[in-house]
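Architecture and fold: a report
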Amino acid sequence: MLDSASITGLLVALGAGLLIGAERERRKGTGATRAPAGIRTFVIATLLGALSVRAGSDLLLAVSTAGVIALVGVSYGLSSREDPGLTTELALVACVPIGALSMREPAFAAAAAVVVAIILAAREPLHRFVRAVLSEQELSSARIFGAATLVVLPIIPNATIGPFNALNPYAIWLIVILLMAISSAGYIAVRLLGAGFGLPLAGFASGFVSSTATIAAMGARAKNTPELLAPAASGAILSTLATVVEMAVVLLATSAQTLAAMAGALLASGVAAAAYAAVFTFQAAGTQVEREPDQGQAFDLVTAVKLAGVLAAVILLCAAMTAWYGKAGVAIASAIGGFADTHAPAISVGQLVNANKFNPSDAIMPILLAMTANTITKAVVAYSSGGTAYALRVIPGLILVIAAAWLGSMVGPLLR
């Protein structure tokens, strides 16, 4: 007797075969050179898998799959000269386990069939994207990111080591991967949206890599081309907004408690940066900026690894200062580290919170000191790279952002 689960599984298998087979039927062609597998073949393949499971025999399923693979191999041998591709053959083989899965996990099988159909239908867009849109450097960045995530991360020990038992290699490398991912997201946004948004968009995207470096680059543009002063200033301030967003994401990944404590400060500084940048973005609306979208690396691996080194050094410094001087030592260490980078001290303090060595509320002051020290660095860079006119537009914004952060840190606890 057929129960409702068996009927559902057979219907899902039938639908999966029809969905995948319909896409292949449209590309099958006609005449003597047509492809050997069409809609009926794919439907039979999914039903074969489903019926094998319905019969209750894993051996029958294995034999059915092996039989389809053998038939596909013979068919490919006869047609490979006309069409050397293996896509249809692999899709047909995949239909057998999809049909079998329909009897056990119909929702998952249906999702798998939809994914296969989408991949098959997206042939031209995928080929065009890989061949014409992506550059060799971008593909290299993708390979590096994949290796860092899938190869390196799993083999890194997830335990605290080193002096003061303070360093966790897994957590540090995870931050490197996160920074590469955020940088890639900003890079992809520029590539997809183009350069029509000009320097403000580029400044925001580049801020995920390094706000200080972005401010220096924008300053050089403004100095060399004075008519770009307003959009360059907007891009510089928006890079600080990217820093705030990046810090929120990093804290969320490392210490949600610290992020909750810093929520008021980060929200206030982010709003201040967006509002101040909006003024110069509005002024720059009529500026014609001819700039092609960058087609290079989506992230700078060297920068990310350097940050890992800075992060490790700051974590050690914070741990040492905590052991020697208590909470005051962490504040001093964070302020010193903030001149180089604002994220490393924040992550270090967040890890102290996770280790129950710090209360979340105690983390606010060291992180704000790091942000303040970093603001001083950015102000010096703005003046040295862009001159007085550029500095007079950027430095007030930097002061507004850090002042908003301090004010938000005081108002935030009152609102909770």
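The numbers attached to residues start from 1 for each chain and follow its sequence in the written order. Restriction of local features to residues with pLDDT of at least 70 applies here, the model being predicted, together with a cutoff of 80 or more for giving and counting side-chain atom pairs; totals for whole chains, interfaces and linings are based on all residues. Values reported for side chains reflect all heavy atoms of the structure, with hydrogen atoms and water molecules removed beforehand.

With 16 residues, helix α4 (residues 87–102) extends 22 Å from end C-alpha to end C-alpha; this agrees with the ideal 22 Å at 1.5 Å per step. Those residues of α4 that sit buried are Thr88, Glu89, Ala91, Leu92, Val93, Cys95, Val96, Ile98, Gly99, Ala100 and Ser102. Each helix corresponds to a stretch of at least 4 residues labelled H or I by DSSP, and each strand to a stretch of at least 2 residues labelled E; elements are numbered beginning at the N terminus. To estimate the expected span of a helix, count its residues, drop one, and scale the result by 1.5 Å. The rule is simple: take the accessible area with a 1.4 Å probe, protein chains only, and divide by the maximum for that residue type; under 20% is buried, over 50% is exposed, in between is partly exposed.

Under this scheme, a helix contributes an axis fitted over its contacting stretch, all axes are lines through C-alpha atoms, and angles between N-to-C directions fall in the 0 to 180 degree range. Where helix α1 (residues 4–26) contacts helix α5 (residues 106–121), the two axes come as close as 9 Å, and the packing angle between them is 0 degrees. With respect to α5, the element α1 is oriented roughly parallel. Contacts between α1 and α5 involve Thr8, Val12, Ala16, Leu19, Ile20, Glu23 and Arg24 from the former and Pro106, Ala109, Ala110, Ala113, Val114, Val116, Ala117, Leu120 and Ala121 from the latter. Counted by class, the contact of α1 with α5 contains 13 nonpolar, one polar and two charged residues. Note on angle classes: values under 35 degrees are labelled roughly parallel, values over 145 roughly antiparallel, values of 65 to 115 roughly perpendicular, and the remainder oblique. Contacts are assigned to residue pairs with any non-hydrogen atoms lying within 4.5 Å of each other. Here the nonpolar group is Ala, Val, Leu, Ile, Met, Phe, Trp, Tyr, Cys and Pro; Asp, Glu, Lys and Arg are the charged ones; every other residue, Gly included, is treated as polar.

On to the pattern of salt bridges, then. Salt bridge, as used here, is a side-chain nitrogen of Lys or Arg placed within 4 Å of a carboxyl oxygen of Asp or Glu. Inspection of every chain in the model, using the stated rule, returns one salt bridge. In this structure, the salt-bridge partner of Arg104 is Asp58, at a minimum N-O distance of 3.1 Å. Remark: Asp58 occurs in helix α3 (residues 58–79) and Arg104 occurs in the loop between α4 and α5; sequence separation between them is 46 residues. The pair Arg104 / Asp58 is uniform in exposure class, with both members exposed.

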